[in-house]
Amino acid sequence: MTHTYVHQNLLDLMATFRYDAHPMGMIISTVAALGTFYPEANPALQGEGLYIKNERIRNKQILRIIGKLPTIASCAWRHRIGRPFNQPTNDLGYTENFLSMLDRLAEKTYKPNPVLVKALDILFILHAEHEMNCSTAAMRHLASSNVDPYTAVAGAAGALYGPLHGGANEAVLRMLEEIKTVDNVKTFLEGVKGKKKKLMGFGHRIYHNYDPRAKIIRRVAYEVFDALGQEPLIEVATELERQALADEYFVSRKLYPNVDFYSGLIYKAMGFPTDMFPVLFMIPRATGWLAHWLEHLGDPESKIYRPRQVYLGPDVRDYVPIEARTEPVVRSQEIYSSSVSRRSALPHKKK
């Protein structure tokens, strides 16, 4: 492993976040700030053709981002639990080093469990790239402006932060927790068919049959449970899968388990809280984003993205003087004030 260490100033920046800051918010901010440490790699300072002309500078930033992301992510985790940041161990593998930085205490030599290392390796590989999704589109959109890759990756991570994109496996966990027991699966599925419940972790906009990644992750899940102990929700998950795949309602609609159905259970069994799930998605997906960045740079026909809009408003409107206009929908900002602001704004009167 190389390019894993980060500047002390960056660690000091991370230490200023609140103790309960969301790890994705910390990482997005830190990755954006990381670019300021390399002015020689900033097209805004060095010229817009910097990355097109210089392959060495291009590849150097890719190595830096991929190498430093596990370090930044582990620091976000350690900050959250009130422990000092760990430095990387460069003779360990990629996921092995990440798990070591998360969990190492006072041990001089610490190596994570190989079963967990392999599981995370597989999950990272399966999450590394998945064509033109929301965050990848954001990456290419930003890249089209010739902004530096640190800012572009931070922006793509912002898209992944959204619960409709990076929060899918968390939604599966919440669904399984709602079902609670195997006995409630049938009733839950009836609720789904009656449009009263949502079935999370099934179906995919690309795969119209069983997501091939889900088959692999299902096997990995049981290997992790053998090492760490059975996750109680796995019985609910397998029964839900069995009943759904035996029901013509779901099969006819091509609703099969996807990659998110089991990944959340694995992360939960490994001790990660749900707000770390998008972080575990982002670390490998950054490699896919950077591959798209390279592809964009190498396309001689690439231009800055400017999507067209179809205007659906009125064609012509007469000007209305401000005093003749109706009451605006949004009123004074006072309605948004907190009780503390209203208290402090009260006039001070002497008796």
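Residues numbered from 1 in each chain as written. Predicted model: local features only at pLDDT ≥ 70, side-chain atom pairs only at ≥ 80, totals over all residues. Heavy atoms only, no water.

Caption draft 1: Representation of the overall build of the protein within the structure. Looking only at helices and strands, the protein has 17 helices and zero strands in total. Expressed along its principal axes, the backbone C-alpha trace of the protein runs to roughly 70 × 65 × 55 Å. Across the 351 residues of the protein, 46% fall into the buried class. Counting contacts in the protein only where the partners sit at least 6 residues apart, residues at least 24 apart contribute 75% of the total. Positive and negative side-chain charges in the protein, numbering 44 and 37 respectively, have mean positions lying 5 Å apart. (Helix = DSSP H or I, 4+ residues; strand = E, 2+ residues; numbered from the N terminus. Buried < 20%, exposed > 50% of the residue type's maximum accessible area, 1.4 Å probe, protein only. Contact = heavy atoms within 4.5 Å. Lys, Arg positive; Asp, Glu negative; His and termini not counted. Charge placed at Lys NZ, Arg CZ, Asp CG, Glu CD.)

Caption draft 2: Spotlight on the nonpolar core. Residues Leu240 and Met282 are the most contacted members of the largest nonpolar core, which totals 90 residues. Take this core: its biggest share by element is 11 residues, from helix 16 (residues 277–297). If near-sequence neighbours (up to four positions away) are discounted, Leu240 is found in contact with Met175, Leu176, Ile179, Val185, Phe188, Leu189, Leu199, Phe202 and Phe261. (Core = buried A, V, L, I, M, F, W, Y, C linked by side-chain atoms within 4.5 Å.)

Caption draft 3: Region of interest: the packing of aromatic side chains. Within the structure shown, the criterion is met by 10 aromatic pairs. Consider the rings of Phe98 and Phe124, whose centres lie 6.4 Å apart with planes at 35°: the pair is tilted. One end of the pair, Phe98, is in helix 6 (residues 94–103); the other, Phe124, is in helix 7 (residues 114–127), with 26 residues separating them in the sequence. Each member of the pair, Phe98 as well as Phe124, carries the same accessibility label: buried. An angle of 45° between the planes, with centres 5.5 Å apart, marks the rings of Tyr267 and Phe277 as tilted. Here Tyr267, found in helix 15 (residues 260–269), pairs with Phe277, found in helix 16; they are 10 residues apart in sequence, far enough to count as distant. (Phe/Tyr/Trp six-rings, centres within 6.5 Å; stacked < 30°, edge-to-face > 60°.)

Caption draft 4: Seen up close, the packing of helix 8 (residues 134–143) against helix 16. Running from N to C, helix 8 and helix 16 cross one another at 40°; their axes reach a closest spacing of 9 Å. Taken together, the axes of helix 8 and helix 16 are oblique relative to one another. The handedness of the crossing between helix 8 and helix 16 comes out as right-handed. Across the interface between the two elements, Ser135, Thr136, Met139, Arg140 and Ala143 from helix 8 touch Arg285, Trp289, Leu290, His292, Trp293, Glu295 and His296 from helix 16. (Axes fitted to C-alpha atoms, helices over the stretch in contact; angles between N-to-C directions. Parallel < 35°, antiparallel > 145°, perpendicular 65-115°, else oblique. Left-handed = near helix turned anticlockwise from the far one by under 90°.)

Caption draft 5: Structural view of the environment of Lys303. Within the secondary structure layout, Lys303 lies in the loop between helix 16 and helix 17 (339–345). For Lys303, a relative accessible area of 66% translates into the label exposed. Sequence separation between Lys303 and Ser145 is 158 residues; the distance between their C-alpha atoms is 8.1 Å. The residues touching Lys303, leaving out its near neighbours within four places in the chain, are Ser144 and His296.

Caption draft 6: Region of the structure containing the environment of Phe202. Mapping Phe202 onto the fold places it in the loop between helix 11 (185–193) and helix 12 (212–228). Looking at Phe202, the relative accessible area reads 8%, which means it is buried. Once the C-alpha coordinates of Phe202 and Pro257 are considered, the two residues, 55 residues apart in sequence, prove to be 4.3 Å apart. Among all residues touching Phe202, those that are not within four sequence positions of it are Leu240, Glu241, Ala244, Leu255, Tyr256, Pro257, Asn258 and Phe261.

Caption draft 7: Examining the packing of helix 10 (residues 168–179) against helix 15 more closely. Between helix 10 and helix 15, the shortest axis-to-axis distance is 8 Å and the interhelical angle comes to 80°. With respect to their mutual orientation, helix 10 and helix 15 come out roughly perpendicular. Across the interface between the two elements, Ala168, Asn169, Val172, Leu173, Met175, Leu176 and Glu177 of helix 10 pack against Asp260, Phe261, Ser263, Gly264, Leu265, Tyr267 and Lys268 of helix 15. When its residues are assigned to classes, the contact of helix 10 with helix 15 shows eight nonpolar, three polar and three charged. (Nonpolar A, V, L, I, M, F, W, Y, C, P; charged D, E, K, R; others polar.)

Remember that the coordinates give geometry; whether it matters functionally is a separate question.
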